[in-house]
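Secondary and tertiary structure notes
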Number of protein chains: 2
Amino acid sequence: MNITEYMQQVGQRARAASRAMARSDSATRNRALLLIADAIVRDAALLRAANARDLDAAAAAGLAPAMLDRLQLSDKAIDTMVEGLRQIVSLADPIGEISNMKFRPSGIQVGQMRVPLGVIGIIYEARPNVTVDAAGLCIKSGNATILRGGSEAIHCNRALAAIVAEGLAGAGLPQDGVQIVDTTDRAAVGALITMPEYVDVIVPRGGKSLIARLMAEATVPMIKHLDGICHVYIDGKADLDKAVAIAFNAKCHRYGTCNTMETLLVARAIAPAVLPRLAAVYAEKAVELRADPEAFALLAGYPHLVAAVEEDWSTEYLAPVLALKLVDGMDAAIEHINTYSSKHTEAIVTEDYSDALRFLREVDSASVMVNASTRFADGFEYGLGAEIGISNDKLHARGPVGLDGLTSLKYVVFGHGEVRT
Amino acid sequence: MNITEYMQQVGQRARAASRAMARSDSATRNRALLLIADAIVRDAALLRAANARDLDAAAAAGLAPAMLDRLQLSDKAIDTMVEGLRQIVSLADPIGEISNMKFRPSGIQVGQMRVPLGVIGIIYEARPNVTVDAAGLCIKSGNATILRGGSEAIHCNRALAAIVAEGLAGAGLPQDGVQIVDTTDRAAVGALITMPEYVDVIVPRGGKSLIARLMAEATVPMIKHLDGICHVYIDGKADLDKAVAIAFNAKCHRYGTCNTMETLLVARAIAPAVLPRLAAVYAEKAVELRADPEAFALLAGYPHLVAAVEEDWSTEYLAPVLALKLVDGMDAAIEHINTYSSKHTEAIVTEDYSDALRFLREVDSASVMVNASTRFADGFEYGLGAEIGISNDKLHARGPVGLDGLTSLKYVVFGHGEVRT
């Protein structure tokens, strides 16, 4: 059997299973999640052993230390997976909610019902915890799932897949409700993203090169998580204490996250007052400031000062580095952001009512904030309970994607024998 | 300038214009729509003349009569366009609505704001009325638009584009807010669907072959309108009067629409009671019945009876032809529908509470109805006020697509200086 035939079979099984997943009730899906959590606890040693095989092979193959770190399934990572599943159980079931039922002049009553998307394909790196997180969210939302994790994690993913299948079966759900792609052949990805008859949506979780490849080749729609070139704009009417606290937190709370600020814009009028205070806090963390000429002049003496070049405005540093630019005011700030941002998350610091409203409305990003750190752009912080990623797309799901993002709305009509005249 | 460069320029202008369109207020966008409506009335003779040029060329090129009919801009079609624009003015502005603002434990308040998608590309056949309908919906929803109509309508579309540009400018909006692709080169479509940097979504309105081409080539996401293989299922617990009325209306109200029933499923137990009554009403319209063996036997003597073949279950007739099949009950009906339907619209006729709920939940189509004719699946009948098409997709917009389908939701955060700890 070649890889295309194999993937077609995986797809057919997923489509068949998706019907039983969709009509299952909340209690059944929650029971499957709890059985999976219990089995992970029971089989922790077995999972660690499978993970050790993956780690040995990856180390021998010369995988980078950061990748090895993500591949590792520590005791803490196992605890976190189990805790995550139990949290998903505690979330409300999104499926079946009927909203906006309204009578129409014809006599019919029309509304919308929230339903699973059907089959979700998830493509991710060699991170075994994602296997369980993604399976959990998809089971909860009544979807069938095809998981394609990085090939370095294949042994651990096989062990996890067996546990998930056992949990599904134990709850009376089809074992094919969650399938892993059980091959390390890269052609499997090409097949997965080009079978819209079996797969309703692809959720890629990975680096820019993966996303670029998928965008070029996929015929199945995607919910994409791209890079985060996030901005904070300190307005001329900003409260300086808030401005310093937010600009510090947005950059320095964590450097490697997609909602970390990468460019700071400061209104020219307030720059002489706020830049020295910012320099003082950034100096403690040795943050490198890549400043435009005006900011550079105002920051003379800062120990980690670099002249910004054009490329800095579109760079996601994921490091203690910050691009810094002075702007005339709102128009220039919004123009800069809408030009250079990756449309993930932007914040304004201001006490001015009209500036706050303009920023909220005119900045074209998934999350737009007033007087808060960009670090809040996160499914848990927003109250979604869990997230499968943060979408830079505008269609279907924008920003943090929780259970609702894995569902669709279909129209339902309650009639009484009405016909159209 | 080659076609790719031309389309890049169109895309750049659209992206630039989309910002002004998005920040414009309701009154300005409504004013543009009314100016366009008035100018269409004023220039009706000019539009008719441009249309006559298109019709002459198309007739000389041997265009099929049905295509010529769609190409024609009659006085009535002009009145309908104008009326349509004025109706769009009367709809509520979807843009800027903020919903679900909730305080989180961190102190931030999080909700969602409805915003335009940005730039919408619309690809359609040689139907000049679509140029105005589509432009109207996109202007109302604050989007910039690139319109690519069938090349046979180029003269009329140019005249309409001039009127739309005049209306936009008159209201203070950018003329590039609506652009037509001013070339009949087919390569323009290929460029339009592969520039995600300038185009946020493609709405194709056309036949199956167009959609198939776009699905294979597009890298811009699409909101697709596919075929309608719609089903009515007459349940064993159906009220026979409702069943006959609905099955007759769903097939015979109009034959050529996508929400017309193409396959009728009848519970075996009720077939002897209902089939003779159906035969009586279908006979009046000379509807050809393509029946499975059991239904065929029960309908002996019906003048337009044909034995169904496998292909009938997946055919959109768009004609007075109906596929007819007896089934054991709910399980078989749902299985048949989820296998053969194009996932557009399906209806059950039943007085049984549990069967009604199961059908609503388990049938995986954009519209699912109880005791109502499939012909109600329509943006106007659903109360959307207008529609740009009916989506067979599950992502973003499913079923009739009105103004909301041309928008997205971004997260907005009201903070008070919060930082993440």
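Residue numbers run consecutively from 1 along every chain, following the written order of its sequence. Each chain gets a letter, beginning with A, and each ligand a number, beginning with 1, in the order they are written. Selection of residues for local features in this predicted model requires a pLDDT of at least 70, selection of side-chain atom pairs for listing and counting requires 80 or more, and totals for whole chains, interfaces and linings are taken over all residues. The side-chain figures draw on all heavy atoms in the structure; neither hydrogens nor water molecules are used.

- Per an unreviewed UniProt entry, chain A goes by the name Gamma-glutamyl phosphate reductase and belongs to Massilia atriviolacea.
- What the UniProt record of chain A gives under Sequence similarities (unreviewed entry) is the line "Belongs to the gamma-glutamyl phosphate reductase family."
- UniProt positions are given in the numbering used here, feature names are shortened, and annotations may be inferred rather than shown by experiment. Its UniProt record, at the heading Catalytic activity (unreviewed entry), says of chain A: "L-glutamate 5-semialdehyde + phosphate + NADP(+) = L-glutamyl 5-phosphate + NADPH + H(+)".

Description of the sheet that holds strand S3 (residues 119–124) of chain A
Residues and elements named next belong to chain A.
- Here we have 4 strands laid out as an open sheet, ordered S5-S4-S3-S6, and parallel in their pairing. Looking along the sheet, the strands with just one partner apiece sit at the ends: strand S5 (178–180) and strand S6 (201–205). Strand-to-strand, the axes of this sheet are offset by a mean angle of 20°, without reference to chain direction.
- Whether two residues are in contact is decided by their heavy atoms, any of which lying within 4.5 Å being enough. Fitting a line to C-alpha atoms yields each axis, with helices limited to the stretch in contact; the angle taken between N-to-C directions then spans 0 to 180 degrees. A run of H or I in DSSP becomes a helix once it reaches four residues, and a run of E becomes a strand once it reaches two; helices and strands are each numbered from the N terminus. Most of the contacts of helix H7 (residues 154–170) go to S5, to which it runs at about 165°, and overall it touches S3 and S5.
- Sitting on the sheet, helix H9 (residues 208–217) touches S3 and S6, and the angle it makes with S6 is about 160°. Two strands pair under a simple rule: DSSP has to find at least two bridges between them.

Here we look at the nonpolar core
- Take the buried Ala, Val, Leu, Ile, Met, Phe, Trp, Tyr and Cys residues and link them wherever side-chain atoms come within 4.5 Å; each set so joined is a nonpolar core. Exposed residues in this analysis have more than 50% of their type's maximum accessible area, buried residues have under 20%, and partly exposed residues fall in between, with area computed by a 1.4 Å probe over protein chains only. Residues Ile234(A), Leu264(A), Val266(A), Leu275(A) and Tyr282(A) are the most contacted members of the largest nonpolar core, which totals 59 residues.
- Counting residues per element, this core draws most heavily on helix H11 (residues 271–284) of chain A, which supplies 7 residues.
- Contact partners of Leu264(A), with chain neighbours within four places excluded, come to Val232(A), Ile234(A), Ala247(A), Leu278(A), Tyr282(A), Leu322(A), Ala323(A), Leu324(A) and Lys325(A).
- Membership of the second largest hydrophobic core comes to 58 residues, among which are Val413(A), Ile246(B), Ala295(B) and Tyr302(B).

Quick notes on the UniProt feature "domain: Aldehyde dehydrogenase" (unreviewed entry) in chain A
Residue and element names in this part refer to chain A.
- The positions UniProt marks with the feature "domain: Aldehyde dehydrogenase" (unreviewed entry) are residues 9–287 and 313–377.
- The span residues 9–287 is 52% helix and 16% strand, and its two end C-alpha atoms sit 52 Å from each other.
- The distance separating the terminal C-alpha atoms of residues 313–377 is 21 Å; by composition the span is 32% helix and 28% strand.

Looking at the pairing of strand S9 (residues 288–291) of chain A
Residue and element names in this part refer to chain A.
- Where burial is concerned, the two faces of S9 differ: the one with Leu289 and Ala291 is buried and the one with Glu288 and Arg290 is not.
- Both S9 and strand S11 (residues 321–327) contribute to a ladder of 4 bridges, which runs parallel. Each bridged residue has a counterpart across the sheet, and for leucine 289 the counterpart in S11 is leucine 322.
- In this sheet, strand S10 (residues 305–307) lies alongside S9 in parallel orientation, the contact comprising 3 bridges. Residue pairing in the sheet places alanine 291 in a bridge with alanine 307 of S10.

Remarks on the packing of aromatic side chains
Residues and elements named next belong to chain A.
- Two aromatic rings, drawn from Phe, Tyr or Trp (for Trp, its six-membered ring), form a pair once their centres lie within 6.5 Å of each other, and the interplanar angle then sorts them: stacked below 30 degrees, edge-to-face above 60, tilted otherwise. Applying the stated criterion to the full structure yields 4 aromatic pairs over all chains.
- The interplanar angle of 40° and the centroid separation of 6.4 Å between the aromatic rings of phenylalanine 248 and tyrosine 282 together place this pair among those described as tilted. A residue pair is termed long-range when its members are at least 10 positions apart, and phenylalanine 248 in helix H10 (residues 240–252) and tyrosine 282 in helix H11 qualify at 34 residues.
- As a reminder, the over-ring test applies to NZ of lysine and CZ of arginine, requiring each to be within 6 Å of the ring centre and within 35 degrees of the ring normal. A cation sits over an aromatic face here: lysine 325 above tryptophan 313, 5.2 Å from the ring centre.

Some words on the interface of chain A and chain B
- Tallying the contact residues gives 73 residues for chain A and 73 residues for chain B.
- The term buried area refers to how much accessible surface (probe radius 1.4 Å) is lost by two components on association, counted for both of them together. For the pairing of chain A and chain B, the buried interface totals around 5900 Å² over both sides, and the portion due to carbon and sulfur atoms is 54%.
- Of all residues in chain A, Arg361(A), Tyr411(A) and Arg420(A) give up the largest surface area on contact with chain B, accounting jointly for 15% of the area buried on that side.
- Salt-bridge detection follows one rule: a side-chain nitrogen of Lys or Arg within 4 Å of a carboxyl oxygen of Asp or Glu. At the junction of chain A and chain B, the tally comes to 8 salt bridges.
- Across the salt bridge formed by Arg19(A) and Glu335(B), the nearest N and O atoms sit 3.1 Å from each other.
- Pairs of N or O atoms within 3.5 Å make up the polar contacts considered here, provided that, within protein, one atom can donate a hydrogen while the other can accept it, and that residues adjacent in sequence are counted only when both atoms are side-chain atoms. Our count for the chain A to chain B interface comes out at 47 residue pairs in polar contact (both at pLDDT 80 or more).
- Looking at the side of chain A that touches chain B, the element that brings in the most residues is strand S16 (residues 407–418) of chain A, giving 11 residues.
- The pairing of strand S13 (residues 367–372) of chain A with strand S16 (residues 407–418) of chain B spans 5 bridges and is parallel. The residue bridging Met369(A) from the neighbouring strand is Val413(B), located in S16(B).

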